[in-house]
Amino acid sequence: MKLILSIDTSCDETSVAVTRGVLVLSNVISSQIRYHKKFGGVVPFLAQRLHKERIDSVVEIALQRANCTWSDIEAIAVTHGPGLAPALEVGIQKAKDLASAQALPLYPINHMTGHIAACLAQVGERKPTEFQFPALALLVSGGHTELVLMWSFTDLEIVGQTLDDALGEAYDKVAKMLGLGYPGGKLISKMAEEGGSKKYTLPIPLRYGKDLNFSYSGLKNAVRLLIESIKTESGNEYLNRGEMADLAACFEYAAQEAVILKVKMAIKVHDEVKTLFLGGGVAANTALRQKLRKVCRENNIVFMVPPNLKLCTDNAAMIGVSAYLGIMSGVKPTPPENVDRCPSLSL
Ligand code: KG4
Ligand code: ZN
């Protein structure tokens, strides 16, 4: 089997990978975080400029690290959505140019199927765990919170999603309120380790909801109000470290409880499910992984997570693996002139 060169420029990471089947040969990620940090979030046209500046060298490094040349590459895969339009455009244009220069087939890939495929990526010798369909995928990133029923890698149905903010977005916004910086997920979860999750009571979003949807804007507002009331009570303008840690722990507890409740509900409603895939940036969260692993164990379900943290957050290797899984299911390449950015692409 020959190799796939894949590109993801959906947000603030310029990433290019080389994969063989599910095996990751290289996965280069050039992060722009330090440029966007001072704006408290990703600035789309700044992201575009930085992608343009970096994409050629990232392609070169990906080929070098995989120890291969263009003659080894069999296909090109690129994220065509969802994502930021100006950012997606850069990767798509590069993929089209390379496909025509090298006369290679081009596969446009949905970024979210990439996050699922990341669970099957193989790094080094360790093979991915065996699993069976039907499966449920929980996708938790900065832009998405979705529960997806999967009959195969190409037969997917969204059975639950957020009605407002995504889980990663809620982490980022709460981190901003606490003055922790961007992106906030990792910073909140680190801070939460020092805090008590029972110190304050925060609402568990849609706890009594009858469907599989999520909502994080109410929780975010509850945190905002709680911060104000703690400040009023103490008479201090700023929270101290202990208060911040307790807040982070209480937020994380409520935010994750909502996820656990909905996953348990989904497993009950769709009792044919044999596997749970966890994907997206928030899949890097250790506490969330542990809780989901326990739910899976109790329900006799195989739990699939990306093999390392780099494969949880945005990266191109997951796009290459997704392309491979698609090709194995009979997906055909798309003529380059028909490949365009789809910022709000759904599964
Ligand atoms: O998948 P991703 O890299 O980008 C999107 O497609 O959105 O996800 C980024 C999100 C950010 O919101 C970030 O705060 C969150 O993933 N994240 C985490 C952790 N690491 C990244 N959230 C919670 N705990 C983490 N350890
Ligand atoms: Zn993503």
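In the block above lies the structure referred to throughout.
Every value quoted in this text rests on a predicted model; they were computed, and no experiment measured them. (Residues numbered from 1 in each chain as written. Chains lettered and ligands numbered in written order. Predicted model: local features only at pLDDT ≥ 70, side-chain atom pairs only at ≥ 80, totals over all residues. Heavy atoms only, no water.)

Draft legend 1. Here's a closer look at the overall build of the chain. A tally of regular secondary structure across the chain gives 10 helices and 10 strands. Whereas a compact globule of 347 residues would reach a radius of gyration of roughly 20 Å, the chain reaches 20 Å, a difference of no more than 12%. Counting every position in the chain, which comprises 347 residues, the buried fraction comes to 54%. Total accessible area on the chain stands at roughly 15,600 Å², and carbon and sulfur atoms take up 51% of it. (Helix = DSSP H or I, 4+ residues; strand = E, 2+ residues; numbered from the N terminus. Rg over C-alpha atoms; globule rule 2.2 N^0.38 Å. Buried < 20%, exposed > 50% of the residue type's maximum accessible area, 1.4 Å probe, protein only. Areas by Shrake-Rupley, 256 points an atom, 1.4 Å probe, with all protein chains shown as cover.)

Draft legend 2. View of the pairing of strand 6 (residues 135-140). Among the six residues in strand 6, six count as buried, and that is most of the element. Burial along strand 6 is two-sided: the residues Ala135, Ala137 and Leu139 and Leu136, Leu138 and Val140 are all buried. Two strands pair when backbone bridges link them, and strand 6 and strand 7 (residues 145-150) are joined in this way by six bridges, in the antiparallel orientation. Residue Leu139 lies in a different strand from strand 7, and its bridge partner there is Glu146. Counting the residues between successive antiparallel strands, the hairpin from strand 6 to strand 7 contains four residues. (Pairing = 2+ DSSP bridges.)

Draft legend 3. A look at helix 7 (residues 217-234). Its 18 residues place the ends of helix 7 26 Å apart at the C-alpha level, agreeing with the 26 Å of an ideal helix rising 1.5 Å per residue. When helix 7 is considered as a whole, its buried residues turn out to be Leu219, Lys220, Ala222, Val223, Leu226, Ile227 and Ile230. In a view along the axis of helix 7, the buried residues occupy a sector of 155°, so they form one face of it. Counted as exposed and oriented over 90 degrees from the buried face of helix 7: Leu225 and Thr232. In this fold, the buried residues of helix 7 make contact with helix 5 (167-177) and helix 8 (241-269). Positioned one or two residues after helix 7, Gly235 has a phi angle of 75°, which is positive. (Expected span 1.5 Å × (residues − 1). Arc of directions from axis to C-beta. Contact = heavy atoms within 4.5 Å.)

Draft legend 4. View of the site of ligand 1. Ligand 1 sits among 19 residues. The nearest are Gly142, Asp172, Gly185, Gly281 and Asp314. At 3.1 Å from an oxygen atom of ligand 1 is found a side-chain nitrogen or oxygen belonging to His115. Within the backbone of Gly185, an N or O atom sits 2.9 Å from an oxygen atom of ligand 1. Protein chains bury 87% of the 560 Å² of accessible surface belonging to ligand 1 in isolation. Among the secondary structure elements, those contributing two or more residues to the shell around ligand 1 are helix 4 (111-117), helix 5 and helix 6 (184-192). Among the elements that take part in the shell around ligand 1, helix 6 stands out by supplying four residues, more than any other. Of the residues contributing to the shell around ligand 1, the split by class is three nonpolar, 13 polar and three charged. (Near = heavy atom within 4 Å. Polar contact = N/O pair within 3.5 Å; in protein donor to acceptor, adjacent residues only side chain to side chain. Nonpolar A, V, L, I, M, F, W, Y, C, P; charged D, E, K, R; others polar.)

Draft legend 5. Layout of unusual backbone geometry. Following Gly81, the chain continues to Pro82 via a peptide bond in cis, the omega torsion being -10°. On the secondary structure map, Pro82 appears in the loop between strand 4 (73-81) and helix 3 (85-102). For the bond from Phe133 to Pro134, the omega torsion is -5°, close enough to zero to count as cis. Relative to the helices and strands, Pro134 is located in the loop between helix 4 and strand 6. Despite not being glycine, Leu206 shows a phi value in the positive range, around 50°.

Draft legend 6. Seen up close, the packing of helix 2 (residues 44-65) against helix 3. The N-to-C vectors of helix 2 and helix 3 enclose an angle of 30°; their axes lie 7 Å apart at closest approach. It follows from the interaxial angle that helix 2 and helix 3 lie roughly parallel. In this structure, the crossing between helix 2 and helix 3 has a hand that is right-handed. Here Pro44, Phe45, Gln48, His51, Lys52, Ile55, Asp56 and Val59 of helix 2 come into contact with helix 3, specifically with Pro86, Ala87, Glu89, Val90, Lys94 and Leu98. (Axes fitted to C-alpha atoms, helices over the stretch in contact; angles between N-to-C directions. Parallel < 35°, antiparallel > 145°, perpendicular 65-115°, else oblique. Left-handed = near helix turned anticlockwise from the far one by under 90°.)

Draft legend 7. Structural detail: helix 10 (residues 317-328). Here helix 10 is 12 residues long and its end C-alpha atoms lie 17 Å apart, about the 16 Å a rise of 1.5 Å per residue gives. Among the 12 residues of helix 10, 10 are classified as buried, and the element is accordingly described as predominantly covered. Within helix 10, the full set of buried residues consists of Ala317, Met318, Ile319, Gly320, Val321, Ser322, Ala323, Tyr324, Leu325 and Gly326. Looking at the buried side of helix 10, the elements it contacts are strand 1 (3-8), strand 2 (13-20), strand 3 (23-31), strand 4, strand 5 (106-110) and helix 4. Directly beyond the C-terminal end of helix 10, a positive phi value near 100° is found at Gly330.

Draft legend 8. Inspection of the pairing of strand 1 at higher detail. Counted residue by residue, strand 1 has six buried out of six residues, so it is predominantly covered. Here five bridges tie strand 1 to strand 4, and the two strands are oriented parallel to one another. Among the inter-strand pairings, Leu3 is bridged to a residue of strand 4, identified as Ile73. Of the pairings in the sheet, the one linking strand 1 to strand 2 comprises five bridges and is antiparallel in character. What sits directly across from Ile4, in strand 2, is Thr19. The turn joining strand 1 and strand 2, which pair antiparallel and follow one another in sequence, is formed by four residues.

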